[in-house]
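Here is how the chains run, residue by residue.
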Amino acid sequence: MIGVRLEARAAPARWFNLAVAPIAIAVTFVLTMGFVLAAGASPLEAYDTFIVEPLTSRYTGLEVLVAATPLLFTGAAVAIAFRAGYWNIGAEGQLLVGAIAAAWAGTVVEDLPRVLAIATMAGLGALGGAVWALGPALMRVYLGVDEVVTTLLLNPVALLIVTGLLNGPWRNPETHFPESERISANAEFPQILSDSRVHLGFVIALAIIVAAWFVLARTATGLRLRAIGLSPEGARFAGIGVERLLLQAALVSGAIAGVAGASEVAGISYQLTDGISSGFGYTGIVVATLGGLTMPGVVIAALFLGDLVVGADSAGFELGVPSQLADIVKGVLLLVLIALLVFRHYRVSLRRAQGRGRS
Amino acid sequence: MTAGGATPPAVQLCGITKRFGAVVANDGVDLVVERGEVHALLGENGAGKTTLMRILYGLTRPDAGRIVIDGRPVAIHSPKDAIAAGIGMVTQHFALVKPMTVAENVILGATGGVRVKLDDAARKVAEAAERFGIRADPYARVADLSVGEQQRVEILKALYRNCRVLILDEPTAVLVPQEVEALFAALRRLRDDGIAIVFISHKLYEVREISTRVTVLRRGAVVGTRRIADADDRELASLMVGRPTLAVRRTESGSAGEVVLRVDGLSVGSRGGLEALRNVSFAVRRGEILGVAGVSGNGQTELVDVLCGMLRPAAGRIEVDGVDVTGSSPAEVVAAGVGRIPEDRHAAVVSDLTVAQNLALEHLDGFRRALQLDDRRLRRHAEELISRFTIKAGPDDAARTLSGGNLQKLVLARVLSREPKVIVVSQPTRGLDVAATEYVHGELLAQRERGAGVLLVSEDLDELLALADRLVVLYEGRIVGEMPAAEADPERLGLLMAGLAEGMAA
């Protein structure tokens, strides 16, 4: 009999780091094939529609950037927190509170010059996200409460606040739909390309990612942040204020997620709706992990997932497969990726199993 | 001991070779361990003793070589294979589940079938206690046991799995003298029972006391195997080190200056209401080494933690060069001029960062160019310290890859290059080989010459007597004796450390 065994490696193989993403994608396609077949489509055709087709026309290509915009924010937010060893699972809630703050700001800035109005939108979005991140961060730093639980549990709370507002005080007075008043025109993020929905939020996201990359990779603060994530004890001994830095990382992470909310309100829907986020905060965790917690990785992963989202939409009406298929692919992708990251520390060997009963 | 011929040796290693990058940890090592012998592996740190035994136990894969157990070649890919081949290993870091009982730990991983036979395990533990003198209460929680008792549980675990070859990696490093005696007694009984024991050590007198034969490793290669009865200490030492050793000793000088570290009425609470430190007061002068003697667990860890800013005292005052640093953070303590070399070297570094980054971690702001971290300066700084402190590593190597001695040099380099006024140093040579120990001692004496005040906490009396100008003895959190080193002798210190001369000294 042939047995399969896992053996620990002293250090992860170097080639593996480069190969992780392609391998993950290939394995995911094999694993999700069954779902595609069940939906009544041919797998190859479906993957062609999912991945390749969005990139073949100008319109869908730019739609990929639109879909990637919130993921760039949330991916960066999650990656920064994870790097510091702060497991922020609450980007979704932080995004929603940022969206609430921005939607409110959008109704009160009509007299401001356009630049200031837009800055106020983004700023209040950031503030909203940071406020939502503050409670779990303080509880983690001063009381030792696990932030995975607290940040996660605050996500539905934020969503309830959104629906509560939209069905109560903020219900649209004209349409009576559960959606807020339209933000004033000077607060809208301008489109940056003609006849496409790509808006200022995309540029802001890239700017934040460049800044985050610079801080993480090139500055003393970034090195300290990585140090507290890798070994809080060693960092504390070296005189780094671990608690303070952790708090800062959590707040910055929340703020960036909050800007994502502002960007969706000001660049896409121009009002608050209860569908303002289609799980962007959660997908941000996928993006950050897929991107290896590095900023260039986050960009690539966000674009790839944006591609999937657009592809899933067109697959819906072209092949008649449900667009939820994209969520399945996304979920499987994350699981495969995590499995591969564990595998990285092992080697797989095939060998003949030893006979039983003899020792 | 079995003579060769009829019975094959318990373990035969042939041509074991293992490289880590450019470093050859084991270079074609041949080793034969007979049944019923204690075979010592003697060598400096980094000589490849632990790597060789990790290979035998399946924790590390060799690049080349064969393993033969009881005359049969076996493939050992994991500890599971090793256990199946009758090999047990007690590593320096125990693999025990602390909230579980001794019996639970012993059967953990050795449970056949569905039912857990706890009573069976408890009986076997009691049996082993009877037969080998390895005493342990099967129903005690491991978390409540001393380090020595935990080590016994590790040995029991190996015996429970019917090991015929028992590897002990520097088992005495964590033990107090009485526990060492008990361990040796147990090992002798195991040996007489026919178990082959591999005993890793770099302490000659221990090797002489316990082993039947000794194999000396140097730089990954076997430089000789001797019957212990036929070998003399000088020969073994020179085999091990490759050159004659010179003991470092402080120069007599009464030129201690003004007080640079003053500790007054320091108390530290601890769990269970017992105070870890009770009203401790002392002063260290410039150009003086104050030694703190004591059996571990008598407040040394807490004393060092408080002085390093890692723990807040319940009462008392700490002054560094006239500045009150009571309850300061680590950064403030460093800023006040304290250099800290802690007991646990691994906890003092961020092991996934590089050597260069770790060397600069305490004062990163000194390496800034505008907003950026100046990588070239970081590197130059690292290269300078690497050559000055002869650290065997490159600036870009992860700290994780360094051996114990090199890691200690890294910590020393980080601290001493900043010329601190006060140096708080704890167990600086624990687990280090002769050459690295000498190096550390030389550096500490150089700091004393420079005019630093050094607080040296150590369990090694020889180290304290060789280096310290004055000694205090900690017992149950209190200072029970103080004397100039010239008036100290091991007997008197031993009595104080054992708490026997308490009334007389206080």
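Parameters at a glance
- Residues numbered from 1 in each chain as written.
- Chains lettered and ligands numbered in written order.
- Predicted model: local features only at pLDDT ≥ 70, side-chain atom pairs only at ≥ 80, totals over all residues.
- Helix = DSSP H or I, 4+ residues; strand = E, 2+ residues; numbered from the N terminus.
- Contact = placed C-beta atoms within 7 Å.
- Axes fitted to C-alpha atoms, helices over the stretch in contact; angles between N-to-C directions.
- Parallel < 35°, antiparallel > 145°, perpendicular 65-115°, else oblique.
- Buried ≥ 20, exposed ≤ 12 C-beta atoms within 10 Å, placed from the backbone.
- Expected span 1.5 Å × (residues − 1).
- Arc of directions from axis to C-beta.
- Pairing = 2+ DSSP bridges.
- Nonpolar A, V, L, I, M, F, W, Y, C, P; charged D, E, K, R; others polar.
- Core = buried A, V, L, I, M, F, W, Y, C linked by C-beta atoms within 7 Å.
- pLDDT = per-residue confidence, 0-100.

## As for the overall build of chain A
Summing up its helical and strand segments, chain A has 13 helices and two strands in all. Over its C-alpha atoms, taken along the principal directions, chain A stretches across nearly 85 × 60 × 35 Å. Partitioning the intrachain contacts of chain A with sequence separation of at least 6 by distance along the chain shows that 78% fall at a separation of at least 24.

## Points about the packing of helix H7 (residues 200–218) of chain A against helix H12 (residues 295–319) of chain A
How two helices pack is summed up by the angle between their axes together with the distance between the axes. Residue and element names in this part refer to chain A. Put simply, H7 and H12 touch, their axes get as near as 9 Å, and they point 150° apart. One element, H7, and the other, H12, form an angle in the roughly antiparallel class. Here Ile209, Ala212, Trp213 and Leu216 of H7 come into contact with H12, specifically with Met295, Val298 and Val299.

## Digging into helix H1 (residues 49–56) of chain B
Counting buried positions along H1(B) yields eight of eight residues, so the element is predominantly enclosed. Those residues of H1(B) that sit buried are B:Lys49, B:Thr50, B:Thr51, B:Leu52, B:Met53, B:Arg54, B:Ile55 and B:Leu56.

## Overview of the interface of chain B and chain A
On the chain A side, the residues contacting the 26 residues of chain B number 19 residues. Of all elements in the fold, only helix H10 (330–335) and strand S18 (372–373) of chain B reach the threshold of two or more residues within the side of chain B that touches chain A. A total of three residues in the side of chain B that touches chain A trace back to one element, the largest contributor, which is H10(B).

## Structural notes on H7(A)
Residues and elements named next belong to chain A. With 19 residues, H7 extends 27 Å from end C-alpha to end C-alpha; this agrees with the ideal 27 Å at 1.5 Å per step. The complete set of buried residues in H7 reads Gly201, Phe202, Ile204, Ala205, Ile208, Ile209, Ala212 and Leu216. Viewed end-on, H7 has its buried residues packed into an arc of 160°, placing them on one side of the element. Across from the buried face of H7, at angles greater than 90 degrees, the exposed residues are Ala207 and Val210.

## A word on the pairing of strand S10 (residues 221–227) of chain B
All names here are of chain B. In this sheet, S10 lies alongside strand S9 (residues 213–218) in antiparallel orientation, the contact comprising six bridges. Its bridge partner lying in S10, Val214 is registered against Arg226. Hairpin geometry of S9 and S10 is characterised by an intervening segment of two residues between the two adjacent antiparallel strands and by a positive phi of about 45° at Arg219.

## Considerations on the sheet that holds strand S20 (residues 453–457) of chain B
All names here are of chain B. Taken in spatial order, the six strands of this open sheet run S16-S19-S20-S13-S21-S22, and their pairing is mixed. With one partner strand each, in any of the chains shown, strand S16 (338–341) and strand S22 (478–484) form the two edges of the open sheet. The sheet shows a mean angle of 15° between the axes of neighbouring strands, taken without regard to direction. Direction of pairing for strand S21 (residues 470–475) relative to S22: antiparallel, over a ladder of six bridges.

## Some remarks on the packing of helix H4 (residues 118–132) of chain B against helix H5 (residues 147–160) of chain B
Residues and elements named next belong to chain B. Interaxial distance between H4 and H5 falls to 11 Å at its minimum, and their mutual angle equals 110°. The angle between H4 and H5 falls in the class roughly perpendicular. Contact residues: Ala121, Lys124, Val125 and Ala128 in H4; Leu156, Leu159 and Tyr160 in H5. Of the residues assigned to the contact of H4 with H5, the class counts are six nonpolar, no polar and one charged.

## Observations concerning the nonpolar core
In terms of nonpolar packing, the biggest core is built from 199 residues, with A:Ala76, A:Val298, B:Leu456 and B:Val473 touching the most fellow members. If one sorts the elements of this core by residue count, helix H10 (residues 242–269) of chain A sits on top with 16 residues. Setting aside chain neighbours within four positions, we find B:Val473 in contact with B:Ala293, B:Gly294, B:Ile479, B:Val480, B:Gly481, B:Leu493, B:Leu496 and B:Met497. Listed in part, the 67 residues of the second largest apolar core include B:Leu42, B:Ile67, B:Ile87 and B:Met240.

## Concerning unusual backbone geometry
The backbone phi angle of B:Arg219 is positive, close to 45°, even though this residue is not glycine. Assignment of secondary structure puts B:Arg219 in the loop between S9 and S10.

## Let's talk about the environment of B:Asp192
All names here are of chain B. By the element assignment, Asp192 lies in helix H6 (residues 177–192). According to the C-beta neighbour criterion, Asp192 is exposed, with 10 such atoms within 10 Å. For the pair formed by Asp192 and Arg35, sequence separation is 157 residues and the distance between their alpha carbons is 9.4 Å.

## A short note on the sheet that holds strand S1 (residues 11–20) of chain B
Residue and element names in this part refer to chain B. Read across the open sheet, the four strands follow the order S2-S1-S4-S5; overall the sheet is antiparallel. The open sheet terminates on both sides in strands that have one partner only, identified here as strand S2 (23–33) and strand S5 (72–74). On average, each strand axis in the sheet is inclined to that of its neighbour by 30°, with strand direction left out of account. Where S1 and S2 come together, seven bridges link them in antiparallel fashion. Counterpart to Lys18 in the pairing with S2 is Asn26. Contacting S1, S2 and strand S4 (64–69), H1 runs over the sheet at an angle of about 115° to S1.

## A few points about the confidence of the model for chain A
Chain-level statistics for chain A give a pLDDT mean of 87 and a share of 91% at 70 or above. Counting interchain partners and residues more than four positions distant, the pLDDT-below-50 stretch residues 353–359 of chain A has four contacts.

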